[in-house]
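# Structural description and commentary
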Amino acid sequence: MRSIGTVGVVRFLHSVKNSSHNAVLRSPFIYSVARPGLPESKPMTKPSDWIICEHCDAVYAPAPLLSGQKSLCHRCGGVLERGEVFSVQQLFALAVTAAILFLFANVFPVISISLKGLANAATLLQSVEALAQGQISLIAAVAGLCIILAPGLQIVLLCWVLSFANVGLRAPGFKACMRTLEQLRPWSMLEVCLLGILVAIVKLGGMLDVHPGLGLWALAMLAVLIILISGKSIRRLWHVYEGCE
Amino acid sequence: MTDGQTLPMPAAPPAFEALEPRPPTATELGLVLCHTCGLACAQDAGQCPRCDAALHRRKPNSIARTWALLIASLIFYIPANLLPVMYTNLFGSGSENTIMSGVIEFWKGGSWDIALLIFVASVAVPCMKFLVLGTLLVTCQRRSRWALRERSRLYRFVELIGYWSMLDVLVVALVAALVQFRSLSTIEPRLGILFFGMVVVLTMLAAMSFDPRLIWDAEVEEDV
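Residues numbered from 1 in each chain as written. Chains lettered and ligands numbered in written order. Predicted model: local features only at pLDDT ≥ 70, side-chain atom pairs only at ≥ 80, totals over all residues.

### Regarding the overall build of chain B
Rules: Runs of E in the DSSP output that reach at least two residues are strands. Runs of H or I that reach at least four are helices, and both are numbered from the N terminus. Counting other C-beta atoms within 10 Å of its own, a residue is labelled buried from 20 upward, exposed at 12 or fewer, and partly exposed in the gap between, with every C-beta atom placed from the backbone. We call two residues in contact when the distance between their C-beta atoms, placed using the backbone, is within 7 Å.
Helix and strand counts for chain B stand at 7 helices and 6 strands. Across chain B, helices and strands are ordered from the amino to the carboxyl terminus as β-β-α-β-β-α-α-α-α-β-β-α-α. A buried classification covers 39% of the 224 residues belonging to chain B. Restricting to contacts in chain B with at least 6 residues of sequence separation, those with at least 24 account for 62%.

Next comes the structure, spelled out in structure tokens:
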């Protein structure tokens, strides 16, 4: 392993491909072999500000990004950071909207069917319950986590954290909330659920009368909102509270 | 930039191969990334000073864990395909469907688009995950320097599409909840869907426990 002292002073700019503009990321130290006689390099920023690529471990100094910009790792091509699209206030507004839509999506049926005068409708919870039959109940727990519990908890935690951030305060239990949000992200699958409903509509449409319910429209909007607010953009709250323990 | 000790600044973004030297890695600088909050922490800290999450240079036992989860999911994939996932009773005629027979039924019924969608989500995606994760594991164990960037991209792709396999589980849940007309027509889930759901969960866990930085470690080690 090379120590910091042996890293040379050579510097170069990493031009970074991005969607709309060119953001430039600079390596905090430029990697090179140690050259005796050269002064030791001074880092341009403090190490805690540096960005480490989660895909390949490369280190960069942060570069300011505009909304919609993203910086890519020069080594592996992975996304390092994305520019902020929404302010904290906007995120909070979207989180509250998501909470209302979540209620609608869960209270109202997502699909209803009718067959020879008989009618039936299913909400999200009833769909999960339909899987809870004897041996296979475990899969009901997985489905419940993916389409109800994980998104619901995400919305509750986001509303909690953002409602305090919106007025400049640090929410009680901030660290635990943020850690839980990170862990919930891969298990929240509302967009898959949305596609599942559309497939079910087509599947049943051949033999029965199928009507999309109010819950479906709420769910469609909710799926978009969750994608917008539950991404890694929430991580910037960590910077907001830096140094105010 | 003209003192002879600096590198010429590239006029345009250079091709990856042309980029020498490569950027420094966190390990070389004595840093470690906190996966929970993204902070660059000192390597000797056991806990992230900002969010209290446990820190490690690489995900612990990444290769062994990923192999274990991958093999478990492969084993579950057999009953997931052989056992019926759904029992359909329409107007008195009952039948059991496996995943493939459901796809074929859609295909024959004329809705090739839905057939293709379910085929991609339930067959193509899990099989691709097995192949890709297997390839990544073998190449990382052999410390291969082959196609580093492409393998890295492949991993990100697998992580991105992996959870769409849950589609079939949710479709079965929805139609089973809807079609409940007692003696007239019913649809019930069957054991196969449990195994299939477990395959999806296990491959997701396998992808999460794999550390993509292991792909790049081969490059650093050969440099030293």
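### Topic: the sheet that holds strand β4 (residues 93–97) of chain B
What counts is decided by this rule: Here, a strand pair is defined by DSSP locating no fewer than two bridges between the strands.
One open sheet accounts for 4 strands, arranged β4-β3-β6-β5 (chain B); its pairing is antiparallel. Both outer strands of the open sheet, β4 and β5 (180–181) of chain B, are each paired with one neighbouring strand and no more.

### Section: the pairing of strand β6 (residues 79–82) of chain A
Residues and elements named next belong to chain A. Direction of pairing for strand β5 (residues 70–72) relative to β6: antiparallel, over a ladder of 3 bridges. By the bridge assignment, L72 is partnered in β6 with V79. The antiparallel hairpin formed by β5 and β6 contains 6 residues in its connecting segment, where G77 sits at a positive phi of about 85 degrees.

### Some points on helix α4 (residues 148–161) of chain B
Residues and elements named next belong to chain B. Put simply, the rule is: An expected span of 1.5 Å times one less than the residue number is assigned to each helix. Directions pointing from the helix axis toward each C-beta atom define the arc.
When the terminal C-alpha atoms of α4 are compared, their 20 Å separation across 14 residues agrees well with the 20 Å that a helix rising 1.5 Å per residue should span. S152, Y155 and V158 are the residues of α4 that are buried. Angular distribution of buried residues about the axis of α4 spans 120 degrees; they occupy a single face of the element. Across α4 from its buried face, at more than 90 degrees, point the exposed residues E150, F157 and L160.

### As for the pairing of strand β7 (residues 111–115) of chain A
Residue and element names in this part refer to chain A. Here β7 runs beside strand β8 (residues 118–122); their pairing, made up of 5 bridges, is antiparallel. Among the inter-strand pairings, S112 is bridged to a residue of β8, identified as A121. Connecting β7 to the next strand, β8, in antiparallel fashion are 2 residues, including K116 with a positive phi near 50 degrees. As judged from the 4 bridges shared by β7 and strand β9 (residues 209–212), these two strands associate in the antiparallel manner. Across the sheet, residue I111 finds its bridge partner in β9, namely P212.

### With respect to the interface of chain A and chain B
Here is the rule: Residues are grouped as follows: Ala, Val, Leu, Ile, Met, Phe, Trp, Tyr, Cys and Pro are nonpolar; Asp, Glu, Lys and Arg are charged; every other residue, Gly included, is polar.
Taken residue by residue, the interface counts 73 residues in chain A and 67 residues in chain B. Going through the elements one at a time, β1 (13–16), β4 (59–60), β7, β8, α2 (124–131), α3 (137–166), α4 (174–184) and α5 (190–205) of chain A are the ones with two or more residues in the side of chain A that touches chain B. Residues that form the side of chain A that touches chain B fall into these classes: 45 nonpolar, 16 polar and 12 charged.

### Details of the nonpolar core
Put simply, the test is: Think of a nonpolar core as buried Ala, Val, Leu, Ile, Met, Phe, Trp, Tyr and Cys residues, each tied to the set through C-beta atoms within 7 Å.
Ranked by size, the top nonpolar core spans 119 residues in total, and within it A143, L219 and L222 of chain A together with L170, A173 and L174 of chain B carry the most contacts. In terms of residues, this core owes the most to one element, α3 of chain A, which gives 13 residues. Among all residues touching L222 of chain A, those that are not within four sequence positions of it are A98, L101, F102, A105 and L190 of chain A.

### What to know about unusual backbone geometry
Residues and elements named next belong to chain B. We note that N61 has phi near 55 degrees; this positive angle belongs to a residue other than glycine. Within the secondary structure, N61 is located in the loop between β2 (40–42) and α1 (62–82). Positive phi, close to 45 degrees, is recorded for A147, a residue that is not glycine. Secondary-structure assignment places A147 in the loop between α3 (112–141) and α4. Residue A147 is classed as exposed on the basis of its C-beta count, with 12 C-beta atoms lying within 10 Å.

### What to know about the sheet that holds β8 of chain A
Here is the rule we go by: All axes are obtained by fitting lines to C-alpha atoms, using only the stretch in contact for helices, and the reported angles, taken between N-to-C directions, cover 0 to 180 degrees.
The 3 strands lie next to each other as β8-β7-β9 (chain A), forming an open sheet whose pairing is antiparallel. In this open sheet, the two edge strands, each paired with only one partner strand, are β8 and β9 of chain A. Sheet twist, expressed as the mean angle between neighbouring strand axes with direction ignored, is 20 degrees. Against the sheet, helix α5 (residues 167–178) of chain B touches β7 and β8 of chain A, its axis set at about 145 degrees to β8 of chain A.

### Comments concerning the packing of α1 of chain B against helix α6 (residues 191–209) of chain B
Helix-helix packing: each pair is described by the crossing angle between the helix axes and the interaxial distance. Residues and elements named next belong to chain B. Stated precisely, the cut-off is as follows: In these notes the angle categories are as follows: under 35 degrees is roughly parallel, over 145 is roughly antiparallel, 65 to 115 is roughly perpendicular, and the rest is oblique. Rotating anticlockwise by less than a right angle from the far helix to the near helix defines a left-handed crossing, while the corresponding clockwise rotation defines a right-handed one.
In the contact formed by α1 and α6, the axes pass within 8 Å of each other and the chain directions differ by 165 degrees. Comparing their axes, α6 and α1 come out roughly antiparallel. Crossing geometry of α1 relative to α6 is assigned as left-handed. Residues S62, R65, T66, L69, L70, A72, S73, F76, Y77, P79 and A80 of α1 lie in contact with α6, whose contacting residues are G192, F195, F196, M198, V199, L202, T203, L205, A206 and S209. In the contact of α1 with α6, the residues fall into 14 nonpolar, 6 polar and 1 charged.

### Describing the packing of α5 of chain B against α6 of chain B
All names here are of chain B. Packing of α5 against α6 leaves a shortest axis separation of 9 Å and a crossing angle of 145 degrees. At the point where α5 passes α6, the crossing takes the left-handed sense. Touching D168, V169 and V172 of α5 are I193, F196 and G197, all from α6. Residues that form the contact of α5 with α6 fall into these classes: 4 nonpolar, 1 polar and 1 charged.

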